[in-house]
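Letter by letter, the chains look like this.
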Amino acid sequence: MSRVFSTSLRFRLPVLLFVFQGLYTFFSLFQDIQLMLLVGLGLLLAFMKGYGVSAVAYNFLLSNFCMQWALIVQGFIYHYHEGKIHLGLYNLLTAEFATVAVLISAGAILGRTSPIQLLLMGFCEVPLYVASEWLILSYFQAVDIGGSVTVHVFSCYFGLGASIALYRSGLQTGHPKETPSYISDLLSLVGAIFLWVFWPSFVSVLVHPGDGQHRAVLHTWVALSASVLTTFAISSLLEKKGKVSMGHLQNATLAGGVAIGTVADMAINPSGAFLLGILSSLACILGFKYMTPFLANKFRVQDQCGIHNLHGLPGIIGAVAGIATILLQALFQAVGLGVSVIVSLVGGFLTGLLLRLPFLAQPPDQFCFDDELYFQIQNNCSKFEVLMATSP
Amino acid sequence: MSRVFSTSLRFRLPVLLFVFQGLYTFFSLFQDIQLMLLVGLGLLLAFMKGYGVSAVAYNFLLSNFCMQWALIVQGFIYHYHEGKIHLGLYNLLTAEFATVAVLISAGAILGRTSPIQLLLMGFCEVPLYVASEWLILSYFQAVDIGGSVTVHVFSCYFGLGASIALYRSGLQTGHPKETPSYISDLLSLVGAIFLWVFWPSFVSVLVHPGDGQHRAVLHTWVALSASVLTTFAISSLLEKKGKVSMGHLQNATLAGGVAIGTVADMAINPSGAFLLGILSSLACILGFKYMTPFLANKFRVQDQCGIHNLHGLPGIIGAVAGIATILLQALFQAVGLGVSVIVSLVGGFLTGLLLRLPFLAQPPDQFCFDDELYFQIQNNCSKFEVLMATSP
Amino acid sequence: MSRVFSTSLRFRLPVLLFVFQGLYTFFSLFQDIQLMLLVGLGLLLAFMKGYGVSAVAYNFLLSNFCMQWALIVQGFIYHYHEGKIHLGLYNLLTAEFATVAVLISAGAILGRTSPIQLLLMGFCEVPLYVASEWLILSYFQAVDIGGSVTVHVFSCYFGLGASIALYRSGLQTGHPKETPSYISDLLSLVGAIFLWVFWPSFVSVLVHPGDGQHRAVLHTWVALSASVLTTFAISSLLEKKGKVSMGHLQNATLAGGVAIGTVADMAINPSGAFLLGILSSLACILGFKYMTPFLANKFRVQDQCGIHNLHGLPGIIGAVAGIATILLQALFQAVGLGVSVIVSLVGGFLTGLLLRLPFLAQPPDQFCFDDELYFQIQNNCSKFEVLMATSP
């Protein structure tokens, strides 16, 4: 880190906006996300009766380690000028996104790792995240403002990969301490609600101010709200005696926020966001019910917090929604081309037919390309007059 | 919901204000209120030892269902243009107010209802709330910026009405699970503090920016702060051995926020807000101590969370304060008229007496209405000169 | 309190800034700090298994009492005009700082005092805080934007002073209830994290908007983040079997925020902030391990929450950092003087030597101070021409 506090935002936003937003809005949204990560995610992970303190504390430690490491890695790539990394609130925000990825990945191996192992995972994952994000957003110019692909899908499969490498056959049949207590379940639900309340901040913080950001906030809220209703409905349908599963409630209510990430600021409409919220929480619940046991038993993928259900599946749904929205846009563009060609061709032909009406005095063939048919030409006897004179 | 994101705020606020506030401030205050409803109210309701998860989860479900339903109902009334409901952050905010009403009402029947019953209550209450609000604010042009009457009084008596219809004689003598545990009491207190901290956001969010909003924030804080001191003082005076009741602490500390709603942005002064805070928390405590048992025993009104004490009585106090403030203003207007008449009449008479002083050369009767007494008139002999000449 | 709502901020900030910040930013930061004090500090203090409700409730009561009392005391000194105290959001903010001091002091005597004793302490401490702050900031013109000295050091030694006066030999060997439960420890950690997340708001709220405030936010974050890593590292090194102490985790992670207060907006660099974070959390942990028992045994200073470790030692480190930064700045100023003198003297001498090069046609002594050497003078024979003519 370096002495000079550059305001890299200055180059992105007008000065006036910087004064209000550069500090105040960014700061407010930055703190929303800090609250999500440290209180919301911390409590969400604290669902086990004897691992709550560890979940909150390791989340706190790992978050700080990864933020600092991401500031350095991203700093050398994006903010390195004249021997110094320029530091600003914007750096903290982008470092926060890299940190989110690590914290999600850690969910797959929660309770099975030492803090040193977690830090080492963060040390390796952050540069890979930064490289992946650069490839996706800068090299391939993909769009993913709320991180469905860059954050959620990446972190999910990174975490599952790590989990496979850390497979323990001794935990295959579960562990007596891998259960919640009444209070830990309640606190985990409160953590999920913290995440739920501030999720629109996470999705919209990197959108340019204006209509796009307004859309991102609204779409995220709609998707999240659809997920809540879907979770209660589907979970009570699938579970025994119509009872809602706490695990579903703590996770599937957030699935819409994951899935909306890619398309949040696009011109999808609220019903699209609503549909994404329904589909993603449905996928999340089905994932918990059928896919997590299947992966654990067949592929030895142990996923303590079910990150594949909350981040993997909804992230993929979000990515597909992005592709579909863009394909639809491409289709609309193609239809636009077609419409233009067809309307012009048919319209031109019909207009031509109209022009052939006899009373419109179309010139005879021999007077085509000749001024004198409709203009009086001076000085010498024109071909036209000769013709008129010689005509009987 | 509809494809077009209209910015209905644009028509209410200048564009510049929209950019900063329309999204940022509204968004920040919107999230404050989401935090109040989902974390604050959720935890506050989680005071029973075995019904905490349900309280938080049903509050979460009901909140989302009512928000969506209110967006549709209010959308058709206020935001329907050319076949589409225009959606913006402002809609979410007004939908949030309708939702608050339902969540409060649900407090009266907490623990005695199925989730389907709660959703059906929300389905019925939201349109009635919207109609009531329209009648109060648009038709009768009443003023109630912080919702003392429109939100708190309405939701209280709606909830009590529902409670009477759902009366169970079997619960008349209490239920063994209707008691708190140590941790549930602590978490409920933390929930109350969340509500307390963000209450000024709720009261001021719909006030037009400027001095009125500044006043609303300050008055709300003063009223809430007065309620806290009053609650500790009165509760320890009334309870056995001078011990503060947890129920009083979780409720009466918020009473000032309910009562200040109607007059928050008016030109009452801080001492008025302070007085409202004292009176409302006093009423709330006395309500818990004497009125809730009385209503339950005599009128079969079971009120699980004591919403009549926190929302009914303080809401009525707030309404009376609004009437009194407006009457006082009318009285001041009348006094203004009187002052004007009396000062002018007496002052005019006394000034007239002064004008009669002899050395002020008051014109004699016959020269009244005559230029020539004080002006030199040319060309012909004036009546005045004739008079002077004919005088001996 | 008084009828007129003055906007004392108006005199400090341009009107436009007032509209956005005066209410919105200040309001948002004010609520951040309310959340810190009432939820964050409340939960942090609730670490004992049977004193959690009291800790949260007394913190709530004392906070409100001191805010109101500070509004009056500070109002008479700073906001008294024409018989009235002018009230605005800025007053609430400065009153909040006085309140923080009392709430910290109360940490030293937590659990050993009645609520009346706490209120009386607040009644005495607030005017002393205001006087001390006035002496430090207004009279001696010291700089301490984040309150390392004015808030943390003051409140720490005030609390320790009160604790000495309230010494109880019966508690010297500990008390069976002076221990945490699993959940109280977890909630206390969550409280610390709330404080940690919003600490940058506390440090930067009184900095003038712009680069200084941006720096204050960044420095505070860097110091806090360094403290987290240091706490985990040092605590696990010092404790038995490499286990992290919950007390260290709940306190030393915040030490950087205390220490950064004085220099937060100065032109220290992030590495300076990082170093402060490391040193202050190291001091905090060593304080808990060695100094608290030493003070208790030798000097009869009982410090329930270890405020000397979290506020005293880091506050002093912050003050020393402030002095060092200013001395360094003075040194830099002196070096600046020296650099200016040396560069000018040596440079001037060397340039003079350069000017003496023979081909530069330095005038001979007798033509010094004479126009005619290089200018053609009209009308009469010049001394120069005479000289030329008389020369052979």
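- As annotated in an unreviewed UniProt entry, chain A carries the name Ammonium transporter AmtB-like domain-containing protein and is attributed to Pseudonaja textilis.
- Under the UniProt heading Subcellular location (unreviewed entry), the note attached to chain A is "Membrane".

**Digging into the interface of chain A and chain B**
Okay, so step 1: Taken together, the 44 residues of chain A in the interface contact 39 residues of chain B.
Okay, so step 2: For the chain A and chain B pair, buried surface summed over both sides reaches about 3700 Å², with 80% attributable to carbon and sulfur atoms.
Okay, so step 3: Here chain A and chain B share zero salt bridges between them.
Okay, so step 4: One can count eight residue pairs in polar contact (both at pLDDT 80 or more) joining chain A with chain B.
Okay, so step 5: When residues of the side of chain A that touches chain B are traced back to their parent elements, those giving at least two are α1 (15-45), α6 (182-204), α7 (211-238), α8 (246-251) and α10 (270-299) of chain A.

**Remarks on the relation of the copies chain A and chain B**
Okay, so step 1: Superposing chain A onto chain B requires a rotation of 121 degrees together with a translation of 0.2 Å along the rotation axis, leaving an RMSD of 0.6 Å. Here the copies are linked by what is in effect a three-fold axis.
Okay, so step 2: Interface overlap between copies: only 9% of the residues of chain A at the interface are likewise at the interface in chain B, consistent with a contact formed by different surfaces.

**As for unusual backbone geometry**
Okay, so step 1: Unusually for a residue other than glycine, Gln141 of chain A sits at a positive phi of about 55 degrees.
Okay, so step 2: Owing to a relative accessible area of 60%, Gln141 of chain A belongs among the exposed residues under this scheme.
Okay, so step 3: With phi around 55 degrees, Lys241 of chain C is a residue other than glycine that occupies positive phi space.
Okay, so step 4: Within the secondary structure layout, Lys241 of chain C lies in the loop between α7 (211-238) and α8 (246-251).
Okay, so step 5: Using a relative accessible area of 79% as the deciding quantity, one classes Lys241 of chain C as exposed.

**Topic: a nonpolar patch on the surface**
Residue and element names in this part refer to chain A.
Okay, so step 1: A cluster of nonpolar side chains, namely Phe76, Ile77, Tyr78, Tyr80, Trp134, Leu135, Tyr139 and Phe140, defines an oily patch on the protein surface of about 880 Å² accessible area.
Okay, so step 2: Elements that contribute at least two residues to the nonpolar patch include exactly α2 (52-78) and α4 (115-139).
Okay, so step 3: In this fold, Phe140 is placed in the loop between α4 and α5 (148-165).

Reading guide: rules and limits
Residues numbered from 1 in each chain as written. Chains lettered and ligands numbered in written order. Predicted model: local features only at pLDDT ≥ 70, side-chain atom pairs only at ≥ 80, totals over all residues. Heavy atoms only, no water. UniProt positions renumbered as here; feature names shortened; annotations may be inferred. Contact = heavy atoms within 4.5 Å. Buried area = accessible area lost by both parts, 1.4 Å probe. Salt bridge = Lys/Arg side-chain N within 4 Å of Asp/Glu carboxyl O. Polar contact = N/O pair within 3.5 Å; in protein donor to acceptor, adjacent residues only side chain to side chain. Helix = DSSP H or I, 4+ residues; strand = E, 2+ residues; numbered from the N terminus. Least-squares fit on C-alpha atoms with pLDDT ≥ 70 in both. Buried < 20%, exposed > 50% of the residue type's maximum accessible area, 1.4 Å probe, protein only. Patch = residues over 30% accessible without salt bridge, like charges linked within 9 Å, V, L, I, M, F, W, Y side chains within 5 Å. Areas by Shrake-Rupley, 256 points an atom, 1.4 Å probe, with all protein chains shown as cover.

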